[in-house]
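Understanding the architecture of this molecule
As a plain string of letters, each chain reads:
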Amino acid sequence: MSDQEITQQQQWDRTYQNAKDFFGERPSELAVSALPTLRENGSREVLELGCGQGRDTWYLARNGFKMTSLDYSESGVCQMRDVARKKGLEGVVAVQVHDARNPLPFPDASFDAVYSHMFFTMEFSEEEVAKMLDECRRVLRPGGINIYSVRNDHDPHYGKFEQRGKDMWKNPMGFVVHFFTEGTIRRLSNGYDVLQVKEFEDPSPPFTKKLYEVVLRKS
Ligand SMILES: C[S@@+](CC[C@H](N)C(=O)[O-])C[C@H]1O[C@@H](n2cnc3c(N)ncnc32)[C@H](O)[C@@H]1O
């Protein structure tokens, strides 16, 4: 990183300050697909990582889940607190500023499910992803599920622009993205049963991305 370059955290903060619903108001494809899976699993309390401006948090809360949502962007979290107040969702949505590379601020076995859309696909090394997946497993109750999405090696931005590490490239918007193969996902799933790795497309602005939807169960 050059001296003038801003951090990814600053990049997200500025992005959310400048665009009210950067990814649109509608829930993501992952959230819509996760809803029946969460219900079948009997989940009630869900931890969301990298919640951004909350499009999936609101959708899952409206559908009956008690949400705890984290992001390291203060602007995203502040906007979400305002919206939660306006929507009258303060009782079912708790939002916190937290850098998920640090231990999660919850006791063991606190949640039925962990959910994240396009979070593990940020500027994290494989070692950091493995550590965060371990932390997710710690806070899951026995039989709990971890549903996440990552951009994959069929995505139009895979291998393009400025390389920033193994399988990571920085796009012209200034975001560093880590792309995953199915093999990498399976290798990083220690301590979980892999229930599903399925490709899907996310057409949210500004271009269609290719991702894997991953469903893991705490072994
Ligand atoms: C691609 S965005 C997805 C946002 C949201 N899940 C959605 O789909 O609307 C990734 C999010 O992860 C957050 N993030 C990146 N690194 C993080 C970290 N170390 N700890 C917590 N949040 C982080 C960013 O601030 C951003 O909101």
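Heads up: the structure comes first, above all this text.
My aim in this report is to walk through the structure given alongside it, one point at a time.

Calculation notes
- Residues numbered from 1 in each chain as written.
- Predicted model: local features only at pLDDT ≥ 70, side-chain atom pairs only at ≥ 80, totals over all residues.
- Heavy atoms only, no water.
- Helix = DSSP H or I, 4+ residues; strand = E, 2+ residues; numbered from the N terminus.
- Buried < 20%, exposed > 50% of the residue type's maximum accessible area, 1.4 Å probe, protein only.
- Areas by Shrake-Rupley, 256 points an atom, 1.4 Å probe, with all protein chains shown as cover.
- Lys, Arg positive; Asp, Glu negative; His and termini not counted.
- Charge placed at Lys NZ, Arg CZ, Asp CG, Glu CD.
- Phe/Tyr/Trp six-rings, centres within 6.5 Å; stacked < 30°, edge-to-face > 60°.
- Lys NZ or Arg CZ within 6 Å of the ring centre and 35° of its normal.

On to the overall build of the chain, then. Along its length, the chain carries six helices and 10 strands. For the chain, the spread of C-alpha atoms along the three principal axes comes to 45 × 40 × 30 Å. Looking at the chain residue by residue over its 219 residues, the buried ones come to 52%. Here the chain displays about 10,200 Å² of accessible surface, and carbon together with sulfur accounts for 48% of that area. Both charge centroids of the chain, one from 29 positive and one from 33 negative side chains, sit 4 Å from each other.

One pass over the full model with this rule turns up 13 aromatic pairs. Between Trp12 and Tyr16 the ring centres are 5.5 Å apart and the planes differ by 35°, which places this aromatic pair in the tilted class. One end of the pair is Trp12 and the other is Tyr16, both in helix H1 (residues 8–18) and four residues apart, which spans about a single turn. Given a relative accessible area of 4%, Tyr16 falls into the buried group. In this structure an aromatic cluster arises from ring pairing among Trp12, Tyr16, Phe22, Phe23 and Phe175. The cationic tip of Arg137 hangs over the ring face of Tyr192; the distance from NZ or CZ to the ring centre is 6.0 Å. Seen from the ring of Phe207, Lys209 lies directly overhead, with NZ or CZ sitting 4.8 Å from the centre.

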